[in-house]
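Here is what each chain is made of, one letter per residue.
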Amino acid sequence: MASPPTILVFDSGLGGLTVLREIVSSRPDAHYVYVADDAFFPYGHHSEEQIIARVVPLVGELIAAHAPDLVVIACNTASTLVMAHLRSAYEVPFVGTVPAIKPACASSKTKRVSVLGTKGTVKREYTRKLIDDFAQGCEVTLVGSAELAALAERALSGNAVSDEDIAAEIAPCFVDHGNARTDTVVLACTHYPLLLDRLKNLAPWPVDWIDPAPAIARRVSDLLGGPVREADTAGAKMIFTSKRPHTLSKALMPFFGGRVPA
Ligand code: DGL
């Protein structure tokens with residue numbers, strides 16, 4: 001039988017685990033290498049030039065080291081910049097993560113949508129273009145959060161994060177025009193679904209939170225092709241570019257479909 005495919009999932013930190021979780025559940029037969037570029041976290045605080053100069057060669061090194069069949073850039077802050085560079089530099093298929101503006105605007109009833117991402121993502125030309133092309137008559141509010149990704153990292157690492165800190169980051173998403181208020185918020189940073197339950201509790205009114213991870217998982221599975229074989233419980237590797245020893249195995253296991261990452 002052919003050997004299982006290897007999928008490399010890359011993010012600036014732990015946020016891409018929310019994408020990994022969906023991919024593992026649709027392709028339990030694959031081997032997974034998850035790379036957190038924590039030595040350069042948070043990407044949202046770096047310039048466009050710095051991110052391109054960091055990510056393009058680093059992904060090349062990771063491809064050489066792990067020979068993946070497919071690479072997922074599970075980071076909006078990077079994907080809105082580097083996908084064309086990566087595709088022209090390397091042969092392996094890539095899947096990126098970009099703000100889910102089209103489905104959010106298609107489903108909004110009040111025609112008021114907010115896009116919650118890093119300060120980098122909401123400034124991107126790429127994001128503006130998605131709004132120009134797909135707003136479909138919606139008023140789109142861009143909300144660049146300076147701290148939410150770091151708060152999500154802290155929470156997943158078992159540290160206390162206050163409700164006030166989270167509420168302050170999401171408050172600008174909720175726009176009330178009297179006759180119409182925001183009903184849909186795009187989670188345009190892969191870290192944010194890590195806090196989804198708290199986001200729902202702290203929202204001033206209920207909204208639909210759009211997480212693109214299931215759509216990304218479908219795309220990955222389509223590109224991989226072939227039948228889904230038996231679950232492969234061995235193939236799970238976690239890499240931190242800072243080389244910090246990772247003590248998070250228990251917290252990480254659910255994202256790897258129950259496997260213990262090496
Ligand atoms: N997880 C990343 C994203 O989807 C960004 C977090 C950061 O490094 O600032 O945008």
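Details of the structure are given in the entry above.
Criteria and thresholds
- Residues numbered from 1 in each chain as written.
- Predicted model: local features only at pLDDT ≥ 70, side-chain atom pairs only at ≥ 80, totals over all residues.
- Heavy atoms only, no water.
- Helix = DSSP H or I, 4+ residues; strand = E, 2+ residues; numbered from the N terminus.
- Buried < 20%, exposed > 50% of the residue type's maximum accessible area, 1.4 Å probe, protein only.
- Contact = heavy atoms within 4.5 Å.
- Areas by Shrake-Rupley, 256 points an atom, 1.4 Å probe, with all protein chains shown as cover.
- Lys, Arg positive; Asp, Glu negative; His and termini not counted.
- Charge placed at Lys NZ, Arg CZ, Asp CG, Glu CD.
- Core = buried A, V, L, I, M, F, W, Y, C linked by side-chain atoms within 4.5 Å.
- Near = heavy atom within 4 Å.
- Polar contact = N/O pair within 3.5 Å; in protein donor to acceptor, adjacent residues only side chain to side chain.
- Nonpolar A, V, L, I, M, F, W, Y, C, P; charged D, E, K, R; others polar.
- Expected span 1.5 Å × (residues − 1).
- Pairing = 2+ DSSP bridges.
- Axes fitted to C-alpha atoms, helices over the stretch in contact; angles between N-to-C directions.

Visitor: Hey, could you run me through the overall build of the chain in this one?
Guide: Each helix and strand counted, the chain has 11 helices and nine strands in total. Referenced to the eigenvectors of the C-alpha coordinate spread, the extents of the chain come out at roughly 60 × 40 × 35 Å. Across the 262 residues in the chain, those meeting the buried criterion constitute 51%. Restricting the contact set of the chain to residue pairs at least 6 apart, pairs at least 24 apart contribute 75%. A total of about 11,500 Å² of accessible surface is found on the chain, and carbon and sulfur atoms cover 53% of it. Of the charged side chains in the chain, 25 are positive and 28 negative, and the gap between their average positions amounts to 2 Å.

Visitor: I'm lost on the environment of V185 in this one. Help?
Guide: In this structure, V185 sits in strand β7 (residues 184–187). A relative accessible area of 0% means that V185 is categorised as buried. Taking the C-alpha atoms as reference points, V185 and V161, separated by 24 residues in sequence, lie 21 Å from one another. Contact partners of V185, with chain neighbours within four places excluded, come to S114, L116, C173, V207, D208, W209 and I210.

Visitor: Honestly, the nonpolar core in this entry has me stumped. Any pointers?
Guide: In a soluble, globular protein the nonpolar side chains are often hidden away together inside. Counting 28 residues, the largest nonpolar core has I7, L17, L20, I23, V72 and F256 as its most contacted members. Among the elements that make up this core, the one with the highest residue count is helix α1 (residues 17–26) (five residues). In contact with I7, not counting residues within four places along its chain, are I23, A30, H31, Y32, V33, L70, V72, V220 and L224. Ranked by size, the runner-up nonpolar core spans 23 residues in total, among them V55, L81, M83 and V92.

Visitor: Is there a simple way to think about the site of the ligand in this case?
Guide: Taken together, 14 residues sit near the ligand, with S12, Y43, G44, T77 and H191 positioned nearest. T190 is positioned with one of its backbone polar atoms (N or O) 2.9 Å from an oxygen atom of the ligand. At 2.8 Å, a side-chain N or O of H191 approaches a nitrogen atom of the ligand. Taking 300 Å² as the accessible area of the ligand by itself, protein coverage stands at 99%. Taken together, the residues that form the shell around the ligand break down as six nonpolar, seven polar and one charged.

Visitor: Help me understand helix α3 (residues 76–89), please; the structure alone is not making it clear to me.
Guide: Because an α-helix completes one turn every 3.6 residues, residues spaced three or four positions apart along the sequence face the same direction. With 14 residues, α3 should reach 20 Å at 1.5 Å per residue; the first-to-last C-alpha distance of 20 Å fits that figure. Taken as a whole, α3 has its buried residues at N76, T77, A78, S79, T80, L81, V82, M83 and L86.

Visitor: Please clarify how the sheet that holds strand β1 (residues 6–11) should be interpreted in this entry.
Guide: Strand pairing in a sheet relies on backbone hydrogen bonds. The paired strands run either parallel or antiparallel. Read across the sheet, five strands follow the order β4-β3-β1-β2-β9 without closing on themselves; strand pairing throughout is parallel. The sheet terminates laterally at β4 (94–95) and β9 (236–240), the two strands that pair on one side only. Here strand β3 (residues 70–73) runs beside β4; their pairing, made up of two bridges, is parallel. Note on β4: the bridge partner recorded for V71 is F94. Sitting on the sheet, α1 touches β1, β2 (31–36) and β3, and the angle it makes with β2 is about 175°.

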